[in-house]
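For reference, the chains in residue letters:
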Amino acid sequence: MYTLKTKGHFDAAHFLKGYRGKCANLHGHRWTVTAEIQGASLQTDLQHRGMLVDFGDLKKDLSALCGACDHCLIYEDGSLSDTALQALNGEGFRLKAVPFRPTAENLAAWFAGKMADQGYDVRRVEVYETPDNMAAYEPERNGD
């Protein structure tokens with residue numbers, strides 16, 4: 001089995017509604033995302049011969065996902081009042097609603113799903129909130 005791994009970054013704020021602690025407050029991180037993909041065979045066409053996938057394509061696809069989250073407030077659908085959303089939108093802030101609590105764990109699964117949607121056989125995704133705190137997601141495999 002061959003594996004490739006690449007890394008992306010984005011800066012974004014989030015908060016955890018219903019959490020008792022400092023993460024209930026709006027705060028930001030320099031997020032780091034690593035995506036590891038796998039495959040049993042290498043490509044044979046002239047351009048990609050000997051490659052699982054082109055690193056440039058893998059990096060571009062992960063960077064685009066990170067870019068969609070960069071410099072925004074990532075928030076769970078329904079966690080902000082209509083008044084708050086109107087005020088934030090009125091100020092022109094960049095918002096990204098997600099259908100889950102925006103924890104590192106859930107973001108790792110979200111990134112893995114988005115990469116899989118692009119055709120990658122995702123082995124593992126890691127999301128770092130800080131240089132020392134990371135959550136990982138490994139999709140379940142048939143037969144595992």
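Residues numbered from 1 in each chain as written. Predicted model: local features only at pLDDT ≥ 70, side-chain atom pairs only at ≥ 80, totals over all residues. Heavy atoms only, no water.

Caption draft 1: Summary view of the overall build of the protein. Counting secondary structure elements, the protein contains 3 helices and 6 strands. For the protein, the sequential pattern of α-helices and β-strands runs β-β-α-β-α-β-α-β-β. Across its three principal axes, the protein shows a C-alpha extent of roughly 55 × 35 × 25 Å. Counting only residues that meet the buried cut, the protein has 37% of its 144 residues in that class. (Helix = DSSP H or I, 4+ residues; strand = E, 2+ residues; numbered from the N terminus. Buried < 20%, exposed > 50% of the residue type's maximum accessible area, 1.4 Å probe, protein only.)

Caption draft 2: Focus on the nonpolar core. Ranked by internal contacts, the top residues of the largest apolar core, which has 29 residues, are Phe10, Val33, Phe111, Met115, Val125 and Val127. Counting residues per element, the ones that place at least two in this core are strand S1 (2-14), strand S2 (27-39), helix H1 (55-69), strand S3 (72-76), helix H3 (104-117) and strand S5 (122-130). Broken down by element, the residue count for this core peaks at 7 residues, all from H3. If near-sequence neighbours (up to four positions away) are discounted, Phe10 is found in contact with His29, Arg30, Trp31, Val33, Cys66, Cys69, Asp70, Ile74 and Phe111. (Core = buried A, V, L, I, M, F, W, Y, C linked by side-chain atoms within 4.5 Å. Contact = heavy atoms within 4.5 Å.)

Caption draft 3: View of unusual backbone geometry. Positive phi outside glycine occurs at His71, with the angle close to 50°. Mapped onto the elements, His71 comes out in the loop between H1 and S3. Judged by relative accessible area, which is 55%, His71 ranks as exposed.

Caption draft 4: Geometry of the packing of aromatic side chains. Within the structure shown, the criterion is met by 3 aromatic pairs. Both rings, one in Trp110 and one in Phe111, keep their centres 5.0 Å apart while their planes meet at 85°; by these two values the pair is edge-to-face. Taken individually, Trp110 and Phe111 each receive the classification buried, so the pair is uniform in this respect. Site record: aromatic cluster; members linked through ring pairs are Phe10, Trp31, Trp110 and Phe111. (Phe/Tyr/Trp six-rings, centres within 6.5 Å; stacked < 30°, edge-to-face > 60°.)

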